Amino acid sequence: MSLPDASSTASDPASIAASSSASSSAELPWQRTARAAGLLGADGVARPTIFAEMSALAAERDALNLGQGFPDEDGPAEVLEAARQAISDGVNQYPPGRGIPVLRQAISDHQKRFRGLDWDADREVLVTAGATEALSASLLAFVDRGDDVVVIEPFYDSYAALVGLAGGRLVPVPARAPDFLPDPDELRAAVTDRTAVILINTPHNPTGTILPDATLQLIVELAEKHDAVIVSDEVYEHLVFERRHRSIGEFPGARGRAITVSSAAKTFSVTGWKIGWITAAPELVDAVLAVKQFLTYVGGAPFQPAVAVGLGLPEAYFRGEAEKLRARRDELTAALESVGFSVNRPGGSYFLVADGAPIGLHDGVVTARRLVDEVGVVGIPISAFTVPEHRADFASLLRFTFAKSAATVSAASRQLESFRP
Ligand SMILES: Cc1ncc(COP(=O)(O)O)c(C=O)c1O
């Protein structure tokens, strides 16, 4: 949707950031992808992610893994049972390309119930292989070589990789500690006529921040002004602690240019099922489908009716999950604060950010290794979620997940309290 803008100059902060993370055109797509994710070594070999590295370390040292964001408890029994039943009932072959009708209708009903939005189940809903495929198909559909993609930094690690694969240029807008909100003027400067996609995430991984209504409205206005598509990753939409989630689709002007992405993974603790979806205007859904059908074609046949059951669960389920997580957030926060970390107390998601700077711990990578060695708890340095050029700005920060069971979060909290910086 975006037009090249010859007036954009190298003195514009957004284009400096973009060009500094642009890749060489001599690279193959896999190399662009690995480089964009900060994983291409000087020897030309792609390294494992920090998540893989820290998870391996956790297993080796028998440490509690608050690194990778997945639950260690099963989701709702009726959802799990519906999947078992579907397998027994023979729901084991290719489902329709857009997803089974009952799931598309459940997604539409859920958007109506929780967000007050009307999406046509046949034309405005598309089921994908997790939010990951929804994001990759959306970016591959709308980002051409050299196009800008504006993201809020730090960002979920797959964003940079996907922009690299598409051949786009990442334009990171910093969301700085302690509130991790982007500055409206920096957002305005970053979005130009070169911007193909503004890629946002609320509630946010890794910081847990919820974008305020004014920021969401500004993003819609900027997208309209510069004819950009908005891709809004809302996979943590039900994990909110202080106020209700607002979807980008609720904001005037978003219809026709916003693609909302969500997933069963976080809401129903089924990260291995890989059932995601988008809701968007028909022409956007058709564009994403044109790519998606040649990525996975379809997926998760017996899980689709099960997720439909989940989306229809009473409100008490969704509230109850958020309440459980809020208690775990508070326990982990208290433990980290007791040894001197400053903690951001996130409004959503199942991640928090701890800053070691107040106790003289300025390098998050070193702190993460010390925490594994000295108290047996794994966290992830926030620098894993930034472009390499900006790592220093986020160096003292660590992400911890409280997606784990109450017992695991309590045990990790006790171990963290014994840390002597
Ligand atoms: C912000 C964000 N988006 C997308 C995903 C991936 O979702 P899915 O497992 O449905 O592909 C994750 C998983 O951690 C995430 O944190």
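Note that the structure is a prediction, hence the values are computed from the model and not measured. Along each chain, numbering runs from 1 in the same order as the chain's sequence is written. Only residues with pLDDT of 70 or above have their local features reported here, since the model is predicted, and side-chain atom pairs are shown and tallied only from 80 upward, although totals for entire chains, interfaces and linings are computed over all residues.

## Digging into the overall build of the chain
Phase 1: Secondary structure is summarised from DSSP: a helix means a run of H or I of at least four residues, a strand means a run of E of at least two, and numbering begins at the N terminus for each. Counting its secondary structure elements, the chain contains 15 helices and 14 strands.
Phase 2: For this measure, only C-alpha atoms enter the radius of gyration; the expected value for a globule follows 2.2 Å times N^0.38, where N is the number of residues. For the chain, whose C-alpha radius of gyration is 21 Å, the value lies close to the compact-globule estimate of 22 Å for 421 residues.
Phase 3: In terms of overall dimensions, the chain has C-alpha extents of about 60 × 55 × 40 Å along its principal axes.
Phase 4: Neighbour density around each residue's C-beta defines its exposure: 20 or more other C-beta atoms within 10 Å make it buried, 12 or fewer make it exposed, and counts between make it partly exposed, where C-beta atoms are placed from the backbone. Looking at the 421 residues of the chain, the share that counts as buried comes to 53%.
Phase 5: Whether two residues are in contact depends on their C-beta atoms, placed from the backbone: they are in contact if these lie within 7 Å. The long-range fraction of contacts in the chain, counting pairs at least 24 apart against all pairs at least 6 apart in sequence, stands at 75%.

## Considerations on the UniProt feature "domain: Aminotransferase class I/classII large" (unreviewed entry) in the chain
Phase 1: Within this numbering scheme, the UniProt entry marks residues 62-409 as carrying the feature "domain: Aminotransferase class I/classII large" (unreviewed entry).
Phase 2: Secondary structure across residues 62-409 divides into 39% helix and 18% strand, with the first and last C-alpha atoms of the span separated by 15 Å. UniProt positions are given in the numbering used here, feature names are shortened, and annotations may be inferred rather than shown by experiment.

## Some remarks on the site of the ligand
Phase 1: Each residue receives a C-beta atom built from its backbone; the residue is near a molecule or strand if that atom lies within 6 Å of it. In the neighbourhood of the ligand, 14 residues make up the surrounding shell, with G130, A131, T132, N205 and S263 lying closest.
Phase 2: Sorting elements by how many residues they give to the shell around the ligand places helix α6 (residues 130-142) first, with three residues.
Phase 3: Note on residue categories: nonpolar means Ala, Val, Leu, Ile, Met, Phe, Trp, Tyr, Cys or Pro, charged means Asp, Glu, Lys or Arg, and polar means any other residue, Gly included. The residue makeup of the shell around the ligand, split by class, is four nonpolar, eight polar and two charged.

## Topic: the pairing of strand β3 (residues 148-153)
Phase 1: For β3, the tally of buried residues reaches six of six residues, placing the bulk of the element in the interior.
Phase 2: Here β3 shows no split at all, with D148, V150 and I152 on one side and V149, V151 and E153 on the other all buried.
Phase 3: When DSSP locates at least two bridges between a pair of strands, those strands are taken to pair. The pairing of β3 with strand β4 (residues 169-176) spans six bridges and is classified as parallel. Residue pairing across strands places V151 opposite P172, the latter belonging to β4.
Phase 4: In this structure, β3 lies alongside strand β6 (residues 195-201), joined through four bridges in parallel fashion. Bridge pairing in β6 links V151 to L199.

## Focus: the packing of helix α13 (residues 315-338) against helix α15 (residues 406-417)
Phase 1: Orientation is described by lines fitted to C-alpha atoms, with helices fitted over the stretch in contact, and by angles between N-to-C directions that extend from 0 to 180 degrees. Closest axis-to-axis distance for the α13/α15 pair is 8 Å, and the angle between their directions is 10°. What the angle tells us is that α13 and α15 run roughly parallel. The residues of α15 that touch α13, namely those facing R328, E331, L332, A335, L336 and S338, are A406, V409, S410, A412, S413, L416 and E417.
Phase 2: Here the residues of the contact of α13 with α15 are counted per class, giving seven nonpolar, three polar and three charged. Angular relationships are summarised with four words: roughly parallel below 35 degrees, roughly antiparallel beyond 145, roughly perpendicular across 65 to 115, and oblique for the angles in between.

## So, helix α5 (residues 101-115)
Phase 1: What a helix is expected to span follows from its residue count: subtract one and scale by 1.5 Å. Spanning 15 residues, α5 covers 21 Å between terminal C-alpha atoms, matching the ideal 21 Å at 1.5 Å per step.
Phase 2: Every buried residue belonging to α5 is among L103, R104, A106, I107, S108, H110, Q111 and R115, and all of these are buried.
Phase 3: On its buried side, α5 packs onto β2 (125-129), β9 (275-279) and α12 (303-311).
Phase 4: With its phi angle positive at about 70°, G116 sits one or two positions after the end of α5.

## Remarks on helix α11 (residues 282-292)
What sets the pattern is the α-helix's 3.6 residues per turn: residues three or four places apart point alike.
Phase 1: Those residues of α11 that sit buried are L284, V285, V288 and K292. Projected onto a plane normal to the axis of α11, the buried residues spread over an arc of 100° and lie on a single side. The outward face of α11, more than 90 degrees from its buried face, is lined by the exposed residues E283 and A290. As used here, the arc belongs to the directions running from the helix axis to the C-beta atoms.

## Some details on the sheet that holds β6
Phase 1: Spatial ordering of the open sheet is given by β2-β9-β8-β7-β6-β3-β4-β5, a layout of eight strands whose pairing is mixed. The sheet is open, and its two edges are formed by β2 and β5 (181-182), each paired on a single side.
Phase 2: Against the sheet, α6 engages β2, β6, β7 (229-233), β8 (258-263) and β9, with an angle of about 40° to β9.

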